Amino acid sequence: MAKKKKNKRQKSKWTHHYRMVVLNDDTFEERFSLKLNRLNVFVVTFITAVLLIGATTVLIAFTPLREYIPGYADLSIRKNTIELSKKADSLQQVVRINEEFYGRIKMLLNGDITTEEYARIDSIAKVETNLGVPDLAPIKEDSLLREEVANEDRYSVIAGAKAQTNFVFFPPVQGTISGNYDAELKHYAVDIAAVKGTPIKAAADGTVVFSGWSADTGYTILIEHAYGLITVYKHAGSLNKDQNDQVLAGEVIASVGNTGEFTTGPHLHFEIWSDGYPLDPTNFINFE
């Protein structure tokens, strides 16, 4: 019996009516009144909370307002971010390769690198180049065929000739040698004295990899040829070719000048490099 009375009192608490009245503070005039009970307040509060949560979810899921929430990103933005990251990584690799290339060009311009340093750089480059190369060792049948073809062409001068033997340097300028090649003094070139304005010609076919001004060497031009050969022309009075230009052997690329801090008069400072090693140009060219 007591339990039923207790339950009845609990139910009456939820259904017991209250009145909320809004009065004028000066005149105590009733402005607004509202009849309430606990059950109504709970139901209204619950429904209002559900509606607010639902409306917020709809706004976040289906309107651009979601982009203003910290940590939330649109799928298209994420996709673009990933693509930009890949492009940035590729650009970093290209920049690194270009920096290494221009670093070598800078060392050639300054002439302050030893053959040992070039040997170290070339050995690293060869190792990197050989990484991932598949095994191309000839099989037994291929070796027998190679031996048969070699025996047939043993006395063929044309077939046995190598392209390197046909590579010829032309004198870039005619004149008197005023400075000889001296590896001990790091003078990896010959200086050919000539009249100012004399045309300087390309020693062989190739591509211009540098054409510009250096404070030490003045107007300078570098040409890359086949078989890893590079020729360098320093202290020119003017340049006729730009970077990436294709030149032919004997084509005018500059003129003799007296530019740069290290110059001693109108002359051409001429260098030959082979796979990173300096060569004495007088062994290949007659300048007089």
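Residues numbered from 1 in each chain as written. Predicted model: local features only at pLDDT ≥ 70, side-chain atom pairs only at ≥ 80, totals over all residues. Heavy atoms only, no water.

Draft legend 1. Quick look at the overall build of the protein chain. Scanning the protein chain from N- to C-terminus turns up 6 helices and 12 strands. Within the protein chain, the fraction of its 288 residues that count as buried is 24%. Accessible surface, the protein chain: about 20,300 Å² in total, of which carbon and sulfur atoms supply 59%. (Helix = DSSP H or I, 4+ residues; strand = E, 2+ residues; numbered from the N terminus. Buried < 20%, exposed > 50% of the residue type's maximum accessible area, 1.4 Å probe, protein only. Areas by Shrake-Rupley, 256 points an atom, 1.4 Å probe, with all protein chains shown as cover.)

Draft legend 2. Fine view of the confidence of the model for the protein chain. Put simply, the protein chain has an average pLDDT of 78, and 69% of its residues get 70 or more. Taken together, the stretch residues 124–133 has pLDDT below 50 and engages in 1 contact with residues farther than four places along the chain or on a different chain. Scored below 50 in pLDDT, residues 153–165 makes 3 contacts in the model with residues more than four places away or belonging to other chains. (pLDDT = per-residue confidence, 0-100. Contact = heavy atoms within 4.5 Å.)

Draft legend 3. Expanded view of the pairing of strand E10 (residues 252–256). Of all 5 residues making up E10, 4 are buried, and the element is well covered by its neighbours. Note that strand E5 (residues 199–201) and E10 share 3 bridges and pair antiparallel. What sits directly across from isoleucine 200, in E10, is alanine 254. Looking at chain direction, strand E8 (residues 229–239) and E10 are connected through 3 bridges and run antiparallel. Residue alanine 236 lies in a different strand from E10, and its bridge partner there is valine 256. (Pairing = 2+ DSSP bridges.)

Draft legend 4. Molecular detail of a nonpolar patch on the surface. Together, Trp14, Leu39, Phe42, Val43, Phe46, Ile47, Val50 and Leu51 make up an exposed nonpolar region whose accessible area comes to about 790 Å². For the nonpolar patch, the element with the most residues is helix H2 (residues 38–62), which contributes 7 residues. The class for leucine 39 is partly exposed, based on a relative accessible area of 40%. (Patch = residues over 30% accessible without salt bridge, like charges linked within 9 Å, V, L, I, M, F, W, Y side chains within 5 Å. Salt bridge = Lys/Arg side-chain N within 4 Å of Asp/Glu carboxyl O.)

Draft legend 5. Looking closely at the pattern of salt bridges. For the coordinates displayed, the defined rule picks out 2 salt bridges. The shortest N-O distance in the salt bridge between lysine 234 and glutamate 271 comes to 3.2 Å. Here the residue lysine 234 occupies a position in strand E8, and glutamate 271 occupies one in strand E11 (residues 267–274), the gap between them amounting to 37 residues. With respect to burial, lysine 234 and glutamate 271 carry one shared label: buried.

Draft legend 6. Inspection of the packing of aromatic side chains at higher detail. Counted by the stated rule, this structure contains 6 aromatic pairs. When the ring of tyrosine 188 is compared with that of tryptophan 273, the centres are 5.6 Å apart and the planes differ by 70°; the resulting orientation is edge-to-face. Of this pair, tyrosine 188 sits in the loop between strand E3 (176–179) and strand E4 (190–193) while tryptophan 273 sits in strand E11, placing them 85 residues apart in sequence. Judged by centre distance (6.0 Å) and plane angle (70°), the ring pair of phenylalanine 270 and phenylalanine 287 falls under edge-to-face. Of this pair, phenylalanine 270 sits in strand E11 while phenylalanine 287 sits in the segment after strand E12 (277–279), and the two are 17 residues apart along the sequence. In textbook terms, an aromatic cluster arises when at least three aromatic residues are bridged by ring pairs, as seen for Tyr181, Tyr188 and Trp273. (Phe/Tyr/Trp six-rings, centres within 6.5 Å; stacked < 30°, edge-to-face > 60°.)

Draft legend 7. Seen up close, the nonpolar core. Counting residues in each nonpolar core, the largest one holds 24 residues, and the members touching the most others are Phe169, Ile200, Ile223, Tyr233, Ile253 and Phe270. Secondary structure elements with two or more residues in this core: E4, strand E7 (218–224), E8, E10 and E11. Discounting chain neighbours no more than four positions away, the residues touching isoleucine 200 are Pro172, Tyr233, Ala236, Glu251, Val252, Ile253, Ala254, Ser255, Val256 and Leu268. Counting 8 residues, the second largest nonpolar core, distinct from the first, contains Tyr188, Leu222, Ile230 and Trp273. (Core = buried A, V, L, I, M, F, W, Y, C linked by side-chain atoms within 4.5 Å.)

Draft legend 8. Structural context of the pairing of E8. With 8 of its 11 residues buried, E8 lies for the most part within the structure. The sheet contact formed by E7 and E8 spans 5 bridges and is antiparallel. Each bridged residue has a counterpart across the sheet, and for glutamate 224 the counterpart in E8 is isoleucine 230. The turn joining E7 and E8, which pair antiparallel and follow one another in sequence, is formed by 4 residues; a positive phi near 65° is taken by tyrosine 227.

Draft legend 9. Inspection of the side chain of histidine 269 at higher detail. By secondary structure assignment, the location of histidine 269 is in strand E11. For histidine 269, a relative accessible area of 9% translates into the label buried. Polar side-chain contacts of histidine 269 include one of 3.1 Å to the side chain of aspartate 191. (Polar contact = N/O pair within 3.5 Å; in protein donor to acceptor, adjacent residues only side chain to side chain.)

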